[in-house]
Amino acid sequence: MPKRPTIKLAPSILSADYIRLGEQIAEAAAAGADYLHVDVMDGHFVPNINFGPLLVEAVHSCTPLPLDVHLMVEGPERLIPWFVKAGAAIVTVHAEACRHLHRVVYQVKECGARAGVALNPATPLAAVEEVLADLDLVLVMSVNPGFPAQKFIPGAVGKLARLRQQLDEGGLAAELEVDGGISTETVPAVVRAGARVLVAGSAVFNRRESVAQAIGRLRHSVRAALGSGE
């Protein structure tokens with residue numbers, strides 16, 4: 001019988017209550033989150049503007065969780081050293097934002113972080129195939145990036161499945177991550193398609209329930225998807 005895969009949860013602080021950010025990060029860690037996902041937006045690559053290295057440094061100082069920093073920015077090579085120095089364990093850049101993607105991937109590694117590449121919904125897998133063997137993580141966006149609480153794009157499921165097949169057939173170790181519209185309703189499809197890291201924002205940080213309850217419900221959906229639900 002094949003071994004069930006390990007599924008990691010990466011709560012996204014884009015949806016957190018910034019007044020209670022430290023408290024909510026602590027709640028996520030106590031509830032068993034695996035990573036903390038930090039979206040960085042520059043107002044150019046995406047239409048929103050948010051966190052910089054100082055926020056990442058502050059978050060790093062208050063949690064043992066590895067920081068999964070997602071650079072939704074133009075010219076990420078300018079900023080990578082700053083975010084690694086601030087405490088990023090993983091730095092993910094967008095294939096669409098990099099003229100020399102291989103060089104940028106190795107810049108992340110040389111700075112001391114794990115390297116990831118993200119693909120927007122309309123970007124084909126071909127954009128990442130030539131560096132797939134060099135990656136620690138590959139991120140499939142299941143919404144168009146820039147804003148929290150968007151609706152999941154169903155086409156991401158097939159994309160995840162195709163990428164899972166490429167990784168497995170190539171014996172490649174990159175973690176397959178999905179970000180956008182992840183909830184108890186969409187978890188089963190993405191897990192069965194092969195996602196191994198689930199980024200969840202409003203499904204974790206919301207006013208309906210505690211962070212622990214939200215993470216518990218997501219974990220239950222994962223177990224059910226893998227055939228070990230209650």
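Bear in mind that the values here come from a model prediction, so they are computed numbers and not experimental data.

Draft legend 1. A look at the packing of aromatic side chains. Under the counting rule described, the total for this entry stands at 1 aromatic pair. Judged by centre distance (5.6 Å) and plane angle (75°), the ring pair of Tyr-18 and Phe-51 falls under edge-to-face. Remark: Phe-51 occurs in the loop between β2 (36-41) and α2 (53-62) and Tyr-18 occurs in the loop between β1 (8-11) and α1 (21-30); sequence separation between them is 33 residues. By relative accessible area, which is 12% here, Phe-51 ends up buried. Its guanidinium or amino end placed over the ring of Tyr-106, Lys-109 lies 5.9 Å from that ring's centre, counting from NZ or CZ.

Draft legend 2. Summary view of the sheet that holds β1. Spatial strand order, β1-β8-β7-β6-β5-β4-β3-β2: 8 strands in an open sheet with parallel pairing. Looking at the sheet topology across the chains shown, the edges are occupied by β1 and β2. In this sheet, adjacent strand axes meet at a mean angle of 25° when their direction is disregarded. The strands touched by helix α8 (residues 211-225) within the sheet are β1 and β8 (197-200), with β1 carrying the most contacts at an inclination of about 145°.

Parameters at a glance
Residues numbered from 1 in each chain as written. Predicted model: local features only at pLDDT ≥ 70, side-chain atom pairs only at ≥ 80, totals over all residues. Heavy atoms only, no water. Phe/Tyr/Trp six-rings, centres within 6.5 Å; stacked < 30°, edge-to-face > 60°. Helix = DSSP H or I, 4+ residues; strand = E, 2+ residues; numbered from the N terminus. Buried < 20%, exposed > 50% of the residue type's maximum accessible area, 1.4 Å probe, protein only. Lys NZ or Arg CZ within 6 Å of the ring centre and 35° of its normal. Pairing = 2+ DSSP bridges. Axes fitted to C-alpha atoms, helices over the stretch in contact; angles between N-to-C directions. Contact = heavy atoms within 4.5 Å.

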